[in-house]
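Observations on chain architecture
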Amino acid sequence: MVAWVLLETAVVSLGIAAVYSFVAYRLYERSVSSDARLASLQFSVFWYALGATAALGAVEAVLAAGGVLTLSVAITISLAEILIDCVFLWAIVDFLVYVYTGKYYLIPVSAFYALFYVAALYYTVLSHPYELVIRAGLPTLLTVPVTSKLLVDVVDIGLVLPEFVAAFLYLSLLRRTEDRGQRFRITVVGLGIVAWFGLTFFFPAPTATLGLVRSLLQLIPAVLTLLAYFPPPWIRERLQVHPIPTSREADPARS
């Protein structure tokens, strides 16, 4: 029974990884100015990294279902996920900062997340994972409580605060434009990002069913983001908005 639940988790995780990767690919295809190309890449990296995390979860579930997931392998996957998490947090925050300010702040944002990565690794070491169990349909590491309140606060704040602040600043751009297309994209993308992080941090999933529900709900912001940049005809007609052309559409010579 447990093996089947793990395999179901793996199949769902692979599907989620495919959706995130498709969204990332389509977003990178957007035609943007040369100045905004890095920001466009960072937005794609955010979704690609989410897809990579989901894919790692699928691999871990398959290994657990086959009875070959050891504690050391689970810890290694956990460490890889920490790195990927730091990459997607860096990517989305720097993307939002660029969109809000019109400037890149690569050095301070990169330095912050490099320090955050070190703090997250140190937190993991101090938590001393000592056993692997299956909980809520997922392989889960049992750990000891980290007693350093400062470290716990740093990790918690680093995980939650920057992206929410950046997302709400991004939403505040609604006051600066009257263009229907821009307002539509700002609203959908901004609320989508807030919703994704809100579901991640504040939607409890103590059972396999709730974990599946949360994972599927997290796909909604991804799909909405895609619709914001490439709205289907019925949205275009109803809201009077236009899609962002892809680089191939903007440059027919490349087709």
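Just above sits the structure.
Conventions and cut-offs
- Residues numbered from 1 in each chain as written.
- Predicted model: local features only at pLDDT ≥ 70, side-chain atom pairs only at ≥ 80, totals over all residues.
- Heavy atoms only, no water.
- Helix = DSSP H or I, 4+ residues; strand = E, 2+ residues; numbered from the N terminus.
- Rg over C-alpha atoms; globule rule 2.2 N^0.38 Å.
- Buried < 20%, exposed > 50% of the residue type's maximum accessible area, 1.4 Å probe, protein only.
- Contact = heavy atoms within 4.5 Å.
- Expected span 1.5 Å × (residues − 1).
- Polar contact = N/O pair within 3.5 Å; in protein donor to acceptor, adjacent residues only side chain to side chain.
- Core = buried A, V, L, I, M, F, W, Y, C linked by side-chain atoms within 4.5 Å.
- Axes fitted to C-alpha atoms, helices over the stretch in contact; angles between N-to-C directions.
- Parallel < 35°, antiparallel > 145°, perpendicular 65-115°, else oblique.
- Left-handed = near helix turned anticlockwise from the far one by under 90°.
- Nonpolar A, V, L, I, M, F, W, Y, C, P; charged D, E, K, R; others polar.
- Salt bridge = Lys/Arg side-chain N within 4 Å of Asp/Glu carboxyl O.
- Pairing = 2+ DSSP bridges.

Each helix and strand in the protein chain was counted, giving ten helices and two strands. Shown N-terminal to C-terminal, the secondary structure of the protein chain runs as helices and strands in the order α-α-α-α-β-β-α-α-α-α-α-α. The C-alpha radius of gyration computed for the protein chain amounts to 20 Å, which stays within 12% of the reference 18 Å derived for 255 residues, consistent with globular compactness. Taking the principal axes of its C-alpha atoms as reference, the protein chain extends roughly 55 × 40 × 35 Å. Buried residues in the protein chain amount to 40% of all 255 residues. Here the contacts in the protein chain between residues at least 6 apart in sequence split such that 68% fall between residues at least 24 apart.

Right, let's talk about helix 6 (residues 180-202) for a bit. Here helix 6 is 23 residues long and its end C-alpha atoms lie 32 Å apart, about the 33 Å a rise of 1.5 Å per residue gives. Taking the backbone nitrogen of Gly-181 as reference, a side-chain oxygen 3.0 Å away marks Asp-179 as the first, capping residue of helix 6.

All right, on to the side chain of Thr-9 then. Checked against the element boundaries, Thr-9 lands in helix 1 (residues 2-28). At 3.1 Å, the side chain of Thr-9 forms a polar contact with the backbone oxygen of Gly-137.

On to the nonpolar core, then. Most often, soluble globular proteins keep nonpolar side chains buried together rather than apart. Phe-43, Phe-46, Trp-47, Ile-92, Phe-197 and Tyr-229 are the most contacted members of the largest nonpolar core, which totals 57 residues. Listed by contribution, the elements that provide at least two residues to this core are helix 1, helix 2 (37-65), helix 3 (71-101), helix 4 (106-127), helix 5 (149-171), helix 6 and helix 8 (219-229). Residue contacts for Phe-197: discarding those within four places in its chain leaves Phe-46, Phe-88, Leu-89, Ile-92, Glu-163 and Phe-164. Core analysis: the next-biggest nonpolar cluster, separate from the first, contains eight residues, Ala-10, Ala-61, Ala-74 and Ile-77 among them.

Moving on: unusual backbone geometry. Non-glycine residue His-128 carries a positive phi angle of around 45 degrees. Considering the arrangement of structural elements, one finds His-128 in the loop between helix 4 and strand 1 (131-135). Positive phi, close to 60 degrees, is recorded for Gln-240, a residue that is not glycine. Mapped onto the fold, Gln-240 is located in the loop between helix 9 (233-239) and helix 10 (247-250).

It is worth spelling out the packing of helix 1 against helix 2 at this point. Contact pair helix 1 / helix 2: the axes reach a minimum separation of 8 Å and the direction vectors enclose 165 degrees. In this view, helix 1 runs roughly antiparallel relative to helix 2, as classed from their interaxial angle. Handedness of the helix 1/helix 2 crossing: left-handed. Its residues placed into classes, the contact of helix 1 with helix 2 shows 25 nonpolar, six polar and one charged.

This part is about the packing of helix 5 against helix 6. Helix 6 packs onto helix 5 with a crossing angle of 160 degrees between their chain directions and a minimal axis gap of 9 Å. In terms of orientation, helix 5 and helix 6 fall into the roughly antiparallel class. As helix 5 runs across helix 6, the sense of the crossing is left-handed. Residues Leu-159, Val-160, Glu-163, Phe-164, Ala-167, Phe-168, Tyr-170 and Leu-171 of helix 5 form the contact with helix 6, whose own contacting residues are Arg-185, Ile-186, Thr-187, Val-189, Gly-190, Leu-191, Ile-193, Val-194, Phe-197, Gly-198, Phe-201 and Phe-202. Its residues assigned to classes, the contact of helix 5 with helix 6 shows 15 nonpolar, three polar and two charged.

Bringing the pattern of salt bridges into the picture now. Counted under the stated rule, the structure contains two salt bridges. Between Glu-29 and Arg-26 there is a salt bridge; the shortest N-O distance is 2.8 Å. Residue Glu-29 is classed as buried on the basis of its relative accessible area, which comes to 15%. Take Arg-26: its relative accessible area is 21%, and that puts it in the partly exposed class. Asp-153 is the salt-bridge partner of Lys-149, the closest N and O atoms lying 2.9 Å from each other.

Moving on: helix 2. Compared with an ideal rise of 1.5 Å per residue, which puts 29 residues at 42 Å, helix 2 spans 42 Å between its outermost C-alpha atoms and is within 8% of the ideal. Looking one or two residues past helix 2, Gly-67 carries a phi angle of roughly 75 degrees, positive in sign.

Another aspect to go through is the pairing of strand 1. By the bridge criterion, five bridges tie strand 1 to strand 2 (residues 138-142) in an arrangement that is antiparallel. Residue pairing across strands places Arg-135 opposite Leu-138, the latter belonging to strand 2. Turn length for the strand 1-strand 2 hairpin, with the two strands adjacent in sequence and antiparallel, is two residues, and the turn residue Ala-136 shows positive phi of about 55 degrees.

Read these as spatial facts, not as claims about activity.
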